[in-house]
Amino acid sequence: QVQLVESGGGLVQAGGSLRLSCAASGRSFSSYNMGWFRQAPGKEREFVAAISWGGSTYYVDSVKGRFTISRDNAKNTVYLQMSSLKPEDTAVYYCARSIGGITTTPRGYDYWGQGTQVTVSS
């Protein structure tokens, strides 16, 4: 059984930074592509970033240059470093394990964390 546990969310002023972590249990973490999504109230879950098992990274245009996804396979952890945060980044952030290749659709992911709230004040 795979479990994903996010941490690192909180309240930050616009322009500030946060680093989210996602700790994974289970075997073969290093073999899977991983992703971060977010969901704001009343909106659909949105792709934010993904990282392949080999370390290739992908971002939604709205966070390029501000967010960085990384992974530490020795710690079974994936990170999302967020900088220059904006009020529109406010959402619950989820990490997820990809079923196969890199994809931006939630249906391409089979295991999800419980989410961590990020609130950016103006």
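Preceding this section is the structure that the text describes.
Here's a quick rundown of the structure.

Parameters and conventions
- Residues numbered from 1 in each chain as written.
- Predicted model: local features only at pLDDT ≥ 70, side-chain atom pairs only at ≥ 80, totals over all residues.
- Heavy atoms only, no water.
- Buried < 20%, exposed > 50% of the residue type's maximum accessible area, 1.4 Å probe, protein only.
- Helix = DSSP H or I, 4+ residues; strand = E, 2+ residues; numbered from the N terminus.
- Pairing = 2+ DSSP bridges.
- Salt bridge = Lys/Arg side-chain N within 4 Å of Asp/Glu carboxyl O.
- Polar contact = N/O pair within 3.5 Å; in protein donor to acceptor, adjacent residues only side chain to side chain.
- Disulfide = S-S within 2.5 Å.

### Comments concerning the pairing of strand 5 (residues 46–51)
Within strand 5, five of the six residues are buried, which leaves it mostly tucked inside the rest of the structure. Where strand 4 (residues 34–39) lies against strand 5, five bridges are found, and the strand directions are antiparallel. Bridge pairing in strand 5 links Arg38 to Glu46. Hairpin connection of strand 4 to strand 5: six residues between the antiparallel strands, including Gly42 at a positive phi of 75°. Relative to strand 6 (residues 57–59), strand 5 is paired through three bridges, and the arrangement is antiparallel. Residue pairing in the sheet places Ala50 in a bridge with Tyr58 of strand 6. Linking two consecutive strands that pair antiparallel, namely strand 5 and strand 6, is a turn of five residues; a positive phi of about 100° is found at Gly55 within it.

### Quick look at the pattern of salt bridges
All chains considered together, the criterion is met by five salt bridges. Notably, a salt bridge pairs Asp61 with Lys64, separated by 3.0 Å at the nearest N-O pair. Overall, the relative accessible area of 61% leaves Asp61 in the exposed class. Asp110 is the partner of Arg97 in a salt bridge, and the nearest nitrogen-oxygen pair spans 2.9 Å. A residue pair is termed long-range when its members are at least 10 positions apart, and Arg97 in strand 9 (residues 91–98) and Asp110 in strand 10 (residues 109–112) qualify at 13 residues. A relative accessible area of 33% means that Asp110 is categorised as partly exposed. Residues joined by salt bridges that share partners form a network here, namely Arg38, Glu46, Arg66 and Asp89.

### What to know about the environment of Asp61
With respect to the helices and strands, the residue Asp61 is situated in the loop between strand 6 and strand 7 (67–72). C-alpha of Asp61 to C-alpha of Ala49: the two residues are 12 residues apart in sequence and 9.6 Å apart in space. A distance of 3.0 Å separates the side chain of Asp61 from the side chain of Lys64, its partner in a polar contact.

### Topic: the state of the cysteines
This model, assessed by the stated rule, comprises one disulfide. The disulfide partner of Cys22 is Cys95, and the S-S distance across this bridge is 1.9 Å. Between Cys22 and Cys95 the sulfur-sulfur dihedral comes to about 50°; the bridge is accordingly right-handed. Highlighted residues: Cys22 in strand 3 (residues 18–24) and Cys95 in strand 9, separated in sequence by 73 residues. One exposure class covers both Cys22 and Cys95, and it is buried.

Any functional reading would require information beyond the geometric quantities listed.
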